[in-house]
Amino acid sequence: MLTTVLMVIQVLVSIFLIVMVLLQKGKSAGISGVIAGGAETFFGKHKARTLEGTLERLTVIGATLFIVLSIILTILMAR
């Protein structure tokens, strides 16, 4: 029963993770993206408050949750 519930949660987390990755903006924009990306790294102080920062944070949380659930399910299935 617990294994089934965890599998359903993992499927939901994986769908959430796919959506978060697809919503993020691409990092490569040619040579102009390299120059602008470097400037944004040095001068972008409030990136965490933007939509891009929020999406990155949610992606990290989703990925961590996915990995933890995978490990727990592997341990439960090995019994």
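Our structure is the block above this text.
Residues numbered from 1 in each chain as written. Predicted model: local features only at pLDDT ≥ 70, side-chain atom pairs only at ≥ 80, totals over all residues. Heavy atoms only, no water.

A. Representation of the overall build of the protein chain. The number of helices and strands found in the protein chain is three helices and zero strands. For the protein chain, the succession of helices and strands along the chain, N to C, is α-α-α. Residue burial in the protein chain is summarised as follows: out of 79 residues, 15% are buried. The long-range share in the protein chain, meaning contacts at least 24 apart out of those at least 6 apart in sequence, stands at 84%. A total of about 6200 Å² of accessible surface is found on the protein chain, and carbon and sulfur atoms cover 76% of it. (Helix = DSSP H or I, 4+ residues; strand = E, 2+ residues; numbered from the N terminus. Buried < 20%, exposed > 50% of the residue type's maximum accessible area, 1.4 Å probe, protein only. Contact = heavy atoms within 4.5 Å. Areas by Shrake-Rupley, 256 points an atom, 1.4 Å probe, with all protein chains shown as cover.)

B. Just helix 3 (residues 51-78), in detail. Taking 1.5 Å as the rise per residue, helix 3 with 28 residues should run 40 Å; its terminal C-alpha atoms sit 40 Å apart, in good agreement. Looking only at helix 3, the buried set comprises Gly-53, Leu-55, Thr-59, Gly-62, Leu-69 and Leu-73. (Expected span 1.5 Å × (residues − 1).)

C. Representation of a nonpolar patch on the surface within the structure. Side chains of Val-11, Ile-15, Val-19 and Leu-23 sit close together on the surface and give an oily, nonpolar patch of about 350 Å² of accessible area. With respect to the helices and strands, Val-11 occurs in helix 1 (residues 2-23). (Patch = residues over 30% accessible without salt bridge, like charges linked within 9 Å, V, L, I, M, F, W, Y side chains within 5 Å. Salt bridge = Lys/Arg side-chain N within 4 Å of Asp/Glu carboxyl O.)

D. View of helix 1. Across its 22 residues, helix 1 extends 32 Å between first and last C-alpha, which sits within 8% of the 32 Å expected from 1.5 Å per residue. Listing the buried residues of helix 1 in full gives Leu-6, Gln-10, Val-13, Leu-17 and Met-20. Seen end-on, helix 1 carries its buried residues on one side only, within an arc spanning 85°. Opposite the buried face of helix 1, by more than 90 degrees, sit the exposed residues Leu-12, Ile-18, Leu-22 and Leu-23. (Arc of directions from axis to C-beta.)

E. Quick peek at the side chain of Thr-59. Looking at where Thr-59 falls in the secondary structure, it is placed in helix 3. In terms of polar contacts, Thr-59 uses its side chain to reach the backbone carbonyl oxygen of Leu-55, at 2.7 Å. Once you skip the residues sitting within four places of it in the chain, Thr-59 turns out to touch Leu-17, Met-20, Val-21 and Gln-24. (Polar contact = N/O pair within 3.5 Å; in protein donor to acceptor, adjacent residues only side chain to side chain.)

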